[in-house]
Amino acid sequence: MKGLMTPQPIRIAEIYDDGEASRHFTFEAINGTTHSAKPGQFFTLVLPGHGEAAFTYLSLPDADGRFKALIRQAGSLTTELFKCDTGDLIGFRGPFGNGWPIDQLLGKRVLIIAGGIGLPPLAAIADHLIADKNTQVALIYGSHSPTDQVLKYERSAWHMYMPVLETFDHPSNNEQLAGTPLDHVTEIEIKPGGKPEAILTCGPEVMMDAVAHYFTQNNLASEDIWLALERRMHCGVGECGHCYLGSSYVCTDGPIYSWQQLTQLHRQTTA
Amino acid sequence: MDATTHNISKITHSICPFCGVGCGIGLRVEQGKITGVEPLTHHPVSQGSLCAKGWSTAYAVDPIDRIKTPLIKENGEFRPATWDEAYRVISEAFSTAISEKGPDAIGIIACARATNEDCYAAQKFARAALRTNNVDHCARICHSPSVAGLQQTLGSGAMTNSIGDIEKADLIVIFGCDPTENHTVLGGRIIQAKLAGAKLLVVDPRLTRLAKMADLHLQLKLGTNIALINGLLHITFANGWEAKEFLNSRCENEEALRAKVAEYPPEKVTAITGIPEEKLISAARMYTEADRAMLSYGMGITQYTTGTNNVISISNLALVAGQIGREGTGINPLRGQNNVQGACDMGALPNVFPGYQEVEEPANREKFAASWQQQLPEHKGLTSLGMTKGALAGEVRCMMIMGEDPVVTDPDQNHVRRALEALDLLVVVELVMTETASMADVILPAAAFSEKSGTFTNCERRVQLIQPAIPPLGEAKPDWQILGELANHLGYSGMNWKSSEAIFDELARLSPIYQGMSYPKLAANYGLQWPCNDQAPGGTALLHSKEFSRGKGRLIPVNHADPAEMPDEEYPLFFTTTRLHFHYGCGSMTRKSPLLERETPNGVLFINAKDAETLAIGPQTRVRVISRRGEVETRAIVTDEVPPGTVAMPYHFKEAPSNRLTNNAQDPVTKMPELKACAVRVINLENEAT
Amino acid sequence: MKVFILEDIEQLRDHLATQRQVFTPQHTEGSTELDWLPLTHKTKSITSAWPVLPTYPAKQFFFPDREILFQFDGHAFEEVLPEVELQILFGVRSCDLCAIAYQDQFFQQDPYYQARRKATLLVGIDCKQPCEGGFCPTVNAGPFIRDGLADLACHQREDESWLVLAHTPEGAALIQGLNLQTADPNLITQRSTEESQIAAGFPSAVHIEAGIQRINQAQVPAETWQSMGLQCLACSGCTNLCPTCSCFTSYDRPIADGIERERCWDSCLYDAFQREASSHNPSADAGQRVERFWFHKFSDAYVKTFDRYGCTGCGRCEKTCPGVIGVHSVMKRISGTL
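Basis of the calculations
Residues numbered from 1 in each chain as written. Chains lettered and ligands numbered in written order. Predicted model: local features only at pLDDT ≥ 70, side-chain atom pairs only at ≥ 80, totals over all residues. Heavy atoms only, no water. Helix = DSSP H or I, 4+ residues; strand = E, 2+ residues; numbered from the N terminus. Rg over C-alpha atoms; globule rule 2.2 N^0.38 Å. Buried < 20%, exposed > 50% of the residue type's maximum accessible area, 1.4 Å probe, protein only. Contact = heavy atoms within 4.5 Å. Areas by Shrake-Rupley, 256 points an atom, 1.4 Å probe, with all protein chains shown as cover. Lys, Arg positive; Asp, Glu negative; His and termini not counted. Charge placed at Lys NZ, Arg CZ, Asp CG, Glu CD. Salt bridge = Lys/Arg side-chain N within 4 Å of Asp/Glu carboxyl O. Domains from an automatic or database assignment. Polar contact = N/O pair within 3.5 Å; in protein donor to acceptor, adjacent residues only side chain to side chain. Nonpolar A, V, L, I, M, F, W, Y, C, P; charged D, E, K, R; others polar. Buried area = accessible area lost by both parts, 1.4 Å probe. Axes fitted to C-alpha atoms, helices over the stretch in contact; angles between N-to-C directions. Parallel < 35°, antiparallel > 145°, perpendicular 65-115°, else oblique. Left-handed = near helix turned anticlockwise from the far one by under 90°. Pairing = 2+ DSSP bridges. Right-handed = clockwise from strand over helix to strand, strands pointing away.

**Student:** Is there a simple way to explain the overall build of chain B in this structure?
**Tutor:** Counting secondary structure elements, chain B contains 26 helices and 28 strands. Over its C-alpha trace chain B gives a radius of gyration of 24 Å, about what one expects of a compact globule, namely 26 Å for 690 residues. Taken over the C-alpha atoms alone, chain B extends approximately 70 × 70 × 55 Å along its principal axes. Relative to its full complement of 690 residues, chain B shows a buried share of 68%. Sequence separation of 24 or more characterises 73% of the internal contacts of chain B that already satisfy a separation of 6 or more. For chain B, the computed accessible surface area is about 21,600 Å², with 48% contributed by carbon and sulfur atoms.

Here's what the structure looks like:
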């Protein structure tokens, strides 16, 4: 496939700080070329001379080819990206991955549970589900502390359209909810009928595992619990091997897996 | 866009340019570029294996970042220059320094990574062209105590046995070295022997990979080697486990040693070393009872102010147990660089001519003066650390450094920088812009090992041929050619060799241990082990089998002494330096590999979980490490591989140079700095921030 | 498939050399190492090195150690596809041919691999005796060449003449002009019988069979993997020499006015292979990485996709591993047959 590994140039259109060591980026296509993507898919950014890294779509490309990402400074590529300015040209490849299983979510009561920097991969699907009037959706977002929270503008909008609980390991005052998202999971109401029929979660693996265990114990089928995984992803097309998870490659078979799929993958090996 | 075809055009057999094991390596050439390597299945040392560094060799010599022309510094910036111009600048400065201060105002640092021919040329350049014995190389900071110590006790400072003996030993003793990291292919052969039934005894303050596999691990405190060995000898004599017949027939000075080790009863040794008495007894028993016990050691013995005495102590142990002079036994210093053995053999040292012939011995001087057609200096020269000291004192005015990076690899970095800044002229011969090269006034581009012919001598004294896979990059030249041409500019014409082979023939003629060797003979045999001469035309796999090089093996009583700097209230932690499998020296070759560079962050501090807890340090916590000489910021790795109270840092990274912290207190005999022990305190920078 | 009789294998080789550049396993000058090198007038007979495998399989012809992916000049990214002279690999063994077929499928979408592969024809040679450490019959990868995996398959007969099996039209075209005599169809049947006889002569591989079973039932205790993890020195030798290993990483190199991106072989045995920017590592334990490597070679989960295991029984990993955890050592350990 021609162009498999070769990036397209894109331009940084907008940058603002959003949470601890995190920035909100808007990218735009050059020459009006756009692409389409699904919520939960990801793309890579290429900084010539500094390599390439994968990021999730915070908002999907619009008609003008503008899309967004929330990026936390973690390694050398993001350090370099944080030195970039609006107007800078960088490389892009994507979209990659399977995305959230939209067809299996529409018309259901969906609970979204996000932890820390796991919120951005859930943003586009949250917007998508909010827009469908037959689907009920609610969000619990857990953070280490208030200063660690990301997506301030997105969250304030979500508060208007769905129930949202925000929890903190270390709250800064008594009004804030202390604890993990699971500590408060019974406090969120998804009308009508109350109990969630599908769970979407993204965050630290320990949190996601706990969420999956909780809901399977509370009689939700493991195929209705969906997790977005993080792995070191390079090529995006299932070739380079870095993102293996058992016999699966997260960049093509994932990054979204049902808990049922994951338990099967985990059973393949012993260590 | 350029068409790129990747068709293999040839494979050139060579020797891996990294550690002293000397593995066989094939360099794959495609369209005039070295694109990959392969292991040599039939090579007697490596037997089809390579380590991560060896596998990355193509990156190490990649044209990217290579210096391709001579460079002269002007107003703080380097500009390209012609060879002739560079030679003129150098010869003028050298001549001025010599006329004002004499030949000893110049110092030459040869390179343990270069060929024997290059090292021979470097010492001949110093001695015959400049007429100074100021020539040294990095063996100073790795195995100079081995040479000095074993010379006194056995009469020869090299590995007594061969790598293949690992498979012949019943007990393998790994003393202060980490072969699976630093001599990986040799380390693999130890694993192989262990799996095949050999016993493994590891003596190391750190819980190394081999320590985890060992039958017995003596986790001694830093700097307590002599106390430990004296204790083992005390137990040995007390139980009558010594090799009585061997001591009687082959050794001397036993009574003095007995008297000394009597002062080291187990209780005292346990108190000094931290090793329980039962383990001391088990170790003494294992070593003396084994039919064949092969002992290898490394920097954990030599890099101390007591380095030479540590080596003597190791020798005492092997002699008393009679574990030397037979296959599968011996005292085996594992050498760090591919050709550090050869650089020593070539006399790139301030006190000896090629073949360890003392410069202060008039007969030797006469022999070399006759061959080199030059009057030679009578007194010993300065060591590498002597040269930096001399530079600061204004005695040494010019230095020429061949392929070494003392700014990163030598102790007390700030001191080294000040010394190099004080010089009138610093010449560096290099592949890439190292930290040291960036301080030079003139840089000369060197040909890489893959671009020249010559020989490397591995740690088992095996002299092996290398041959060029591709021509030198840009205007680069082999060191010997550079030195020969510079000698001409200085008026000495005795170095106009036509080929590396001509140099080898000259050096073989002058060094008895190489006398029986020639390129065709080396090519036919995967190299030859010295001594190779009329008595041993096929080389020598095993030294000292009938008698020691000096006659009788000499037992020399030595005393325990603490490292020069011990932890105290202000600097409460012991600090030691280590190496990693993935990097080599200053990293100028290994860090060009994207894989090796990814494998470890740019510097790390290994800290025990207990100390980490006290300081609230977790994995990857940013820390500052402070000694009396400087400070370094890096990230923590919490591990049980270092004991509580001791932290360790690899020395490869210029971003976190451990040598800003190390102590340059020195072994009085060899001037070996104490790189293995000093005192530091560690600060958690993330705690400080919150 | 057409089958012919050939008197002299060198005749075929030299005939091929008139059509394309030919690479063949041969001894590097002055040594006993067997390497893939261009055919020259000095190249000795293909049977002279019998029955040794070349140090490398043939994968570097299609998936080289390092290759350029694209260049960037400050404005645009431009794909750099290799342009490869038409070539023939002469004397590929069955195990390595199975691996090429495996990688053909794995890299189906990869333009770099395909550009090199499409420029290449494969001439295989049936192995007539076991090689040291080889166990191709156990993993259905030899000793004789599987139908369709080479353009031409050559088979030496008792009387030292050769059968040439033209598996593809390209293969048939290669031997046009040699005027070879068509072979008696019985000879094909004879060849099959002979293969079972030769396969029966391989050393016992019960440890491999039992190990495969253990791996697929996830029955190997984690401690066993951990103790083998301790022996993994992370040299990358196994993955470099494995004919089916395909992992890579990429990195940027400066060029005049920009950069070029190269990809190079990577190894899943490196600690940093999966380490993320946050320093979190899903396979931080060396034992996990060793397990994963062997899972990838022997899990039934991949058979669905590739119709075979990822191991073709060449045994190169055993020879190169400094830590004694090549295929035989590992399979003996995990199957309890050590």
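**Student:** Is there a simple way to think about the overall build of chain A in this case?
**Tutor:** Helices and strands together make up the secondary structure of chain A, namely six helices and 15 strands. The globule rule puts the C-alpha radius of gyration for 271 residues at 18 Å, and the 18 Å found for chain A is close to it. Along the first, second and third principal axes, the C-alpha set of chain A runs to 50 × 45 × 35 Å. In chain A, buried positions account for 54% of the 271 residues. Across chain A, every contact between residues at least 6 apart in sequence was considered, and the portion connecting residues at least 24 apart equals 69%. Element-wise, carbon and sulfur atoms account for 48% of the exposed surface of chain A, whose accessible area totals about 11,200 Å². Averaging the coordinates of the 19 positive side-chain charges in chain A and doing the same for the 30 negative ones gives two points 4 Å apart.

**Student:** Which parts of the structure should I look at to understand the pattern of salt bridges?
**Tutor:** Tallied over the full model, the rule gives 66 salt bridges over all chains. Here R591 of chain B makes a salt bridge to E655 of chain B, at a shortest N to O gap of 2.8 Å. Residue R591 of chain B is located in the loop between β23 (573-578) and α24 (594-599), and its partner E655 of chain B is located in the loop between β27 (646-650) and β28 (678-684); the two are separated by 64 residues in the primary sequence. Judged by relative accessible area, which is 38%, E655 of chain B ranks as partly exposed. The closest approach of N and O atoms between D252 of chain C and R261 of chain C, which form a salt bridge, is 2.7 Å. You can call D252 of chain C buried: its relative accessible area is 16%. Taken together, the shared-partner salt bridges connect E239 of chain A together with E67, D110, R116 and R263 of chain C into one network.

**Student:** Help me out: how do you make sense of the domain arrangement of chain A in this one?
**Tutor:** Frequently, the measure chosen for interface size is the accessible area that the parts lose on association. Residues and elements named next belong to chain A. By the assigned domains, chain A splits into domain 1 (8-96) and domain 2 (102-267). Distance from the C-alpha centre of domain 1 to the C-alpha centre of domain 2: 22 Å. Domain 1 puts 21 residues into the contact, and the matching count from domain 2 is 24 residues. On inspection of domain 1 and its partner domain 2, the count reaches zero salt bridges. Scanning the region where domain 1 abuts domain 2 turns up seven residue pairs in polar contact (both at pLDDT 80 or more). When residues of the side of domain 1 that touches domain 2 are traced back to their parent elements, those giving at least two are β1 (8-17), β2 (22-29), β3 (42-47), β4 (51-56), β5 (67-72) and β6 (89-96). Sorting elements by how many residues they give to the side of domain 1 that touches domain 2 places β4 first, with three residues. Class assignment of the residues belonging to the side of domain 1 that touches domain 2 gives a composition of nine nonpolar, six polar and six charged.

**Student:** Looking at this structure, I do not really get helix α18 (residues 384-392) of chain B. What am I missing?
**Tutor:** The α-helix advances 3.6 residues per turn, and as a result positions three or four apart in sequence lie on the same side. All names here are of chain B. Counting buried positions over the nine residues of α18 gives seven, a clear majority of the element. Burial in α18 covers these residues: S384, L385, G386, M387, T388, G390 and A391. At its buried positions, α18 is contacted by β6 (106-109), β7 (135-136), β16 (398-402) and α20 (413-422). Count one or two residues on from α18 and you reach G394, which has phi positive near 80°.

**Student:** Would you mind showing me how to read the interface of chain B and chain C here?
**Tutor:** Across the boundary between the two partners, chain B contributes 53 residues, which contact 61 residues of chain C. Summing the contributions of chain B and of chain C, the shared interface buries around 4,400 Å²; its carbon and sulfur component is 56%. For the interface between chain B and chain C, the tally reads four salt bridges. In this structure, R253 of chain C and D62 of chain B form a salt bridge, with 3.0 Å as the shortest nitrogen-oxygen distance. Linking chain B to chain C there are 17 residue pairs in polar contact (both at pLDDT 80 or more). Secondary structure elements with two or more residues in the side of chain B that touches chain C: β1 (8-15), β3 (33-39), α1 (52-55), α2 (57-60), α7 (184-195), α8 (209-213) and α24 of chain B. Of the residues that constitute the side of chain B that touches chain C, the class distribution is 23 nonpolar, 20 polar and ten charged.

**Student:** Before we go on, may I ask you to explain the domain arrangement of chain B in this structure?
**Tutor:** All names here are of chain B. Split into domains, chain B comes out as domain 1 (8-60), domain 2 (71-140 + 338-448 + 470-529), domain 3 (160-333) and domain 4 (573-689). Using only C-alpha atoms to locate each centre, domain 1 and domain 3 end up separated by 33 Å. With twelve residues of domain 1 at the interface, the matching set in domain 3 holds eight residues. Here domain 1 meets domain 3 over a buried area of about 680 Å², counting both sides, of which 63% is carbon and sulfur. Its largest share of buried area at the contact with domain 3, domain 1 owes to V21, V45 and Q47, together 50% of the area lost on that side. The tally of links between domain 1 and domain 3 comes to zero salt bridges.

**Student:** Mind showing me how you'd approach the packing of helix α4 (residues 116-130) of chain B against helix α21 (residues 479-489) of chain B here?
**Tutor:** Relative orientation and spacing of two packed helices are given, respectively, by the angle between their axes and the distance between those axes. Residue and element names in this part refer to chain B. The geometry of α4 relative to α21 is characterised by a closest axis approach of 8 Å and an angle of 20° between their N-to-C directions. The angle between α4 and α21 falls in the class roughly parallel. In the crossing of α4 with α21, the sense of the turn from one axis to the other is left-handed. Judged by residue contacts, E117, D118, A121, A122, F125 and A129 of α4 engage D479, W480, L483, L486 and A487 from α21. Classifying every residue of the contact of α4 with α21 by side-chain character gives eight nonpolar, no polar and three charged.

**Student:** Before we go on, may I ask you to explain the pairing of strand β11 (residues 198-202) of chain A in this structure?
**Tutor:** The two faces of a sheet get side chains in turn, since along a regular strand they alternate between them. Residues and elements named next belong to chain A. Of all five residues in β11, five are buried; the element is thus mostly enclosed. Residues A198, L200 and C202 of β11 are buried on one face, and the alternating residues I199 and T201, pointing to the opposite face, are buried as well. Relative to β11, strand β7 (residues 109-115) is paired through five bridges, and the arrangement is parallel. The residue bridging I112 from the neighbouring strand is L200, located in β11. Two strands pair when backbone bridges link them, and β11 and strand β12 (residues 225-228) are joined in this way by three bridges, in the parallel orientation. Along β12, the bridge assignment pairs T201 with L227. Remark: the β11/helix α4 (residues 205-217)/β12 crossover connection has right-handed handedness.

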